[in-house]
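# A look at the structure
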Amino acid sequence: ELKNMNISIDEILKIDNDLLEVKRKQQDLQEKRNAHSKKIPKATPEERPALIEQGREIGSELDALKPEVTKLEESLRDLMLRVPNLPAEDAPVGKDEEDNVEVQKGGVLPSFSFEPKDHVDLLEMNNWAEFESIAKVCGSRSYSLRNEMVLLEMATHRFALDKLMEKGFTLVSAPAMARESALIGTGHFPDGKDQVYYLPEDDLYLSGTAEVQLNSLHAGDILKEEQLPILYAGYSPCFRREAGSYGRDVRGLIRVHQFMKVEQFVICKNDPAETEKWHKALLETSLEIVKELELPYRVVECCTGDMGTGKVK
């Protein structure tokens, strides 16, 4: 409810109960078949045909239950994947981005004695970017940086990566493609599936963040506590369909379909205090970067209705 999610707990409990009932029937029939099969070797030639037929009937009953079990398991799994994480107790409660709370502000907003140009005008007048021709070739929400802006983008990423490496992060260049299981594992699927580009012939997706790949590097591993925390700085191309954002922020370098990104990622002990510590550390690093770039900034805490299903804070 706090996250505006249309999830029925009653429906989940009902499907779970129905599944348990069907599995009990399966188990009872399996035990019955096992007991029945032991009778056949000891039966007389006259008794054996009837026992074999009874065994076939039990097998048919078991086979008839399999599709029902599969359907219920898939329904339960789909609903469970949509159940959101509980927000932190101190997270601001609200419906949408209008209820987000500004918690910190820094730097000085520049003031001009003239009408300032926006970033698109500045880029085009200095031959730092091109938007029209590239859109004809690559579609809307595309851009092409030029000359010094290409170098500036690379320098900005390098600046962030150098800082993270100094802080003990392992630098990782991540491929853009990921399997469905990785996107499910980070909570991007099933609800965010419409935002991701899919390559059907390869059954792969173009990831919108290196978080997906970094989170999955240790999937299935059993890590010792002394191995934690694991600090990764991911650098990757990111792809987002921006479905549902038609008409919003269509000008310039906002809500584009493809971009490069440096991602801070930490795998730490499953402990609220440890999690909070690292969450603050990641925020501090972000603040260091904008301060050193002398950019005015705001830190905004997302309210419960705007933070996403997998988020706690």
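As a reminder, the structure under discussion sits directly above these lines.
Before going into details, it helps to say that this report is about the structure given with it. Given the structure is predicted, the values throughout are model-derived calculations rather than measurements.

### Considering the nonpolar core
Counting residues in each nonpolar core, the largest one holds 12 residues, listed as Ile12, Ile15, Leu19, Val22, Leu29, Ile58, Leu62, Leu65, Val69, Leu72, Leu76 and Leu79. Elements represented by at least two residues in this core include exactly α1 (9–39) and α2 (48–82). With 7 residues, the top contributor of residues to this core is α2. Once residues lying within four places of it in the same chain are set aside, the contact partners of Ile58 are Leu29, Lys32, Arg33 and His36. One finds Ala160, Leu161, Phe169 and Leu231 within the second-largest nonpolar core, a separate group that totals 10 residues.

### Topic: the packing of aromatic side chains
Taken as a whole and assessed by the stated rule, the structure comprises 3 aromatic pairs. Ring centres 5.3 Å apart and planes at 50° place the aromatic pair Phe112 and Phe114 in the tilted group. When its relative accessible area of 46% is taken as the criterion, Phe112 is described as partly exposed. Ring centres of Phe189 and Tyr205 lie 5.0 Å apart, and the angle between their planes is 75°; on these two criteria the pair is classed as edge-to-face. Linking Phe189 in the loop between α6 (180–185) and β6 (197–199) with Tyr205 in strand β7 (residues 204–206), this pair joins segments that are 16 residues apart in sequence. By relative accessible area, Tyr205 is classed as buried at 5%. Among the aromatic residues, ring-to-ring pairing joins Phe189, Tyr198 and Tyr205 into one connected group.

Cut-offs and rules
- Residues numbered from 1 in each chain as written.
- Predicted model: local features only at pLDDT ≥ 70, side-chain atom pairs only at ≥ 80, totals over all residues.
- Heavy atoms only, no water.
- Core = buried A, V, L, I, M, F, W, Y, C linked by side-chain atoms within 4.5 Å.
- Buried < 20%, exposed > 50% of the residue type's maximum accessible area, 1.4 Å probe, protein only.
- Helix = DSSP H or I, 4+ residues; strand = E, 2+ residues; numbered from the N terminus.
- Contact = heavy atoms within 4.5 Å.
- Phe/Tyr/Trp six-rings, centres within 6.5 Å; stacked < 30°, edge-to-face > 60°.

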